[in-house]
Amino acid sequence: MKPNQLLRLEHLYRRRIPVERVISAELARTCTELSHEIRCQIGLLVSRRGTIEQVIVGNARELVITDLSRFALSRRSLRGLRLVHTHLQNEPLTHDDLTDLALLRLDLIAAIGVGPEGLPADVHVAHLLPPNPRGQAYEVLPSCPFHSFHMNCLSFIEALEAELSRTAAGHVVKEGQESAILVSVSRASRTVQEERLEELSELVRSDGITVLDQVVQRAQDIHPKYLLGSGKLKQVVIQALQRRADLLIFDQDLTPGQARAIGEMTEIKVIDRTQLILDIFARRAHSREGKIQVELAQLRYLLPRLSGRGPALSRLGGGIGARGPGETKLETDRRRVRDRISHLERELAGFARHRDQRRARRVQKKLPVISIVGYTNAGKSTLLNALTESHVPTQDRPFETLDTSSRRLRFPRDREVIITDTVGFIRDLPKDLMGAFRTTLEELRDADLLLHLVDGSARDSDAQIAAVESILTELDLDGIPRVLVVNKCDRLPPAQAAALCRRYGAVGISALHPATLAPMIEMLERTVAERPARAMPAWGAAASGPLREAGVV
Ligand SMILES: Nc1nc2c(ncn2[C@@H]2O[C@H](COP(=O)(O)OP(=O)(O)OP(=O)(O)O)[C@@H](O)[C@H]2O)c(=O)[nH]1
Ligand SMILES: [Mg+2]
């Protein structure tokens with residue numbers, strides 16, 4: 001480019017457009033003439049006040065808008081910037097132009113055709129649309145010659161913005177609540193994917209987030225960079241922006257690279273299932289120990305994702321909102337995160353020592369320990385409460401309990417045991433979480449018997465049992481005898497409950513109705529009584545022994 005052309009480009013920054021015009025006639029002409037000379041597109045990002053915020057030079061066919069971080073979208077429906085650019089062949093808006101409009105939420109996009117003499121030819125304009133039944137993101141206006149083009153720019157944009165705000169997700173999302181679009185990409189069958197998404201929505205809702213929509217993609221080949229293909233991902237992002245979602249939540253775990261690549265495409269917060277679960281834990285942790293464990297898990301998750309710089313990093317957050325490790329902590333470098341991790345690990349070790357002392361006292365008294373384990377929301381705490389008349393909080397949502405509670409239980413024949421309730425399991429329990437909760441889960445090691453509680457009314461109780469079994473194996477707890485108990489039988493027709501118990505070789509109860517507990521209590525008492533000091537028969541054998549004798553299988 002010649003110095004004089006560069007100078008003319010630079011001078012574009014000094015121009016100002018009257019607020020009611022998309023572009024002034026003189027400025028349009030300056031741009032088309034320059035474009036004609038240098039054979040490249042020229043673009044102007046214009047604020048609503050009519051100031052030129054950025055001048056972009058592309059090539060003959062396109063231009064690339066790079067960094068809009070100075071013009072954050074935050075919660076607005078439009079960016080407050082429009083793109084006015086030249087098209088050398090007077091061609092209409094391209095697919096890329098329209099994608100930019102939608103992905104960047106521009107006030108509007110205009111292309112001014114360059115005529116044969118370098119004079120403005122036609123004007124091509126498009127603007128965004130509110131969510132509509134046809135699922136269209138934008139509308140392209142009919143092209144017209146530049147000299148006959150009239151649009152009252154500011155009032156048009158303000159009216160559009162008002163319309164977008166009115167029709168966005170607002171009416172389904174409560175004030176102050178976040179909203180999300182859920183995405184699942186996997187090779188699994190549609191049924192499995194749907195079951196998993198149902199669980200994900202439950203997790204999302206229990207985290208106080210409104211689910212706006214779900215996108216299910218069955219893919220043989222998972223895109224290594226974006227999980228979905230980049231075209232499909234753009235569509236999802238555009239839809240999310242249109243509906244003003246705060247979050248995109250992936251059911252599949254994102255590698256640090258994927259999280260970064262997707263984060264670079266949009267300012268919408270992108271998180272995966274692990275981050276969601278960590279966020280739920282962060283909300284529910286009350287005790288100091290619980291809080292440390294959650295922060296540890298969040299930091300360990302964050303560490304490998306700390307390599308990048310820039311906005312993608314701060315969006316990773318400790319999950320959602322400002323809980324967990326706050327933004328300021330995230331700005332620190334890896335070393336400080338590592339220091340914090342070792343500090344928390346030391347503090348956690350202190351809790352473990354205390355627990356060892358308590359354990360030792362318990363062993364001295366030689367009271368057998370029965371630990372209730374099971375999928376989250378199976379009714380473990382409800383059962384503990386029913387058995388011991390305690391008041392451990394229970395709620396119909398995942399991960400209500402994070403801290404272990406132990407209570408004494410006196411069996412009818414006067415034998416005493418300790419019964420404990422702890423954090424629930426979930427399929428694909430995030431590794432970092434499992435690591436951080438190891439000290440809590442270690443307590444299960446002391447159990448003489450694991451009472452595996454299953455929600456018999458869950459649609460996928462088989463899968464839940466399998467998930468719990470596999471976590472027990474992973475924790476090296478599969479050597480401890482266990483009994484299977486089917487809960488929530490009140491929700492099933494009696495014949496179906498009986499069939500389920502027969503199939504699992506389990507005893508059926510309804511923890512909400514203490515009168516139903518007697519057979520289980522009797523079975524537990526027998527099993528514990530038959531226990532040759534800390535070496536009871538494995539569960540399979542128990543099922544055919546005391547369970548059968550008790551007449552429950
Ligand atoms: N209908 C019915 N509901 C039950 C029964 N047992 C528990 N529930 C309900 O199931 C929900 C979960 O119970 P919790 O005891 O909190 O479950 P949990 O296994 O401790 O769950 P987490 O601590 O979150 O892992 C609550 O709303 C209970 O009232 C039952 O036998 N029948
Ligand atoms: Mg519980």
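The model shown is predicted, which means the values in this text are computed figures rather than measured ones.

> Explain the site of ligand 1 to me, and be specific about the residues and the numbers.
Every one of the 23 residues lining ligand 1 counts as a neighbour, but K380, T382, E400, T401 and D490 are closest to it. G379 places a main-chain nitrogen or oxygen 2.8 Å from an oxygen atom of ligand 1. S510 has a polar side-chain atom sitting 3.1 Å from an oxygen atom of ligand 1. Here ligand 1, which alone exposes 650 Å², has 92% of that area covered by the protein. Ranked by residue count, the leading element in the shell around ligand 1 is helix 13 (residues 380–388), at three residues. Grouping the amino acids of the shell around ligand 1 by side-chain chemistry returns five nonpolar, eleven polar and seven charged.

> If you had to explain the coordination of the magnesium ion (ligand 2) to someone new, which residues and values would you point to?
Looking at the magnesium ion (ligand 2), the protein donor atoms are S381 (OG) and T401 (OG1), and they sit 1.9 to 2.0 Å from it. Residue S381 is found in helix 13, and its partner T401 is found in the loop between helix 13 and strand 13 (405–410); the two are separated by 20 residues along the sequence. A relative accessible area of 12% places T401 in the buried class.

> Kindly report on the pairing of strand 11 (residues 269–272), identifying the contributing residues and their values.
Each regular strand carries side chains that alternate between the two faces of the sheet. Summarising the sheet, strand 10 (residues 247–250) and strand 11 pair through four bridges and their orientation is parallel. Directly across from L247, in strand 11, lies its bridge partner K269. Note on the crossover from strand 10 through helix 7 (residues 256–265) to strand 11: the handedness is right-handed.

> Give me the sheet that holds strand 10: which residues, what numbers.
Taken together, four strands build an open sheet; the order of strands is 9-8-10-11 and the sheet is parallel. Two strands in the sheet have a free side with no partner beyond their single neighbour: strand 9 (209–218) and strand 11. Direction aside, the axes of adjacent strands within the sheet are offset by 25° on average. Pairing of strand 8 (residues 178–186) with strand 9 involves nine bridges; the strand directions are parallel. Directly across from S186, in strand 9, lies its bridge partner R218.

> Go over helix 18 (residues 518–529) with me, naming the residues and quoting the values.
Taking 1.5 Å of rise per residue, twelve residues should cover 16 Å, and helix 18 covers 16 Å from first to last C-alpha, within 8% of that figure. Of all the residues in helix 18, the buried ones are M520, I521, M523, L524, E525, T527 and V528.

About the cut-offs
- Residues numbered from 1 in each chain as written.
- Chains lettered and ligands numbered in written order.
- Predicted model: local features only at pLDDT ≥ 70, side-chain atom pairs only at ≥ 80, totals over all residues.
- Heavy atoms only, no water.
- Near = heavy atom within 4 Å.
- Polar contact = N/O pair within 3.5 Å; in protein donor to acceptor, adjacent residues only side chain to side chain.
- Areas by Shrake-Rupley, 256 points an atom, 1.4 Å probe, with all protein chains shown as cover.
- Helix = DSSP H or I, 4+ residues; strand = E, 2+ residues; numbered from the N terminus.
- Nonpolar A, V, L, I, M, F, W, Y, C, P; charged D, E, K, R; others polar.
- Donors = N, O, S within 2.8 Å, 3.2 Å for Na, K, Ca; no water.
- Buried < 20%, exposed > 50% of the residue type's maximum accessible area, 1.4 Å probe, protein only.
- Pairing = 2+ DSSP bridges.
- Right-handed = clockwise from strand over helix to strand, strands pointing away.
- Axes fitted to C-alpha atoms, helices over the stretch in contact; angles between N-to-C directions.
- Expected span 1.5 Å × (residues − 1).

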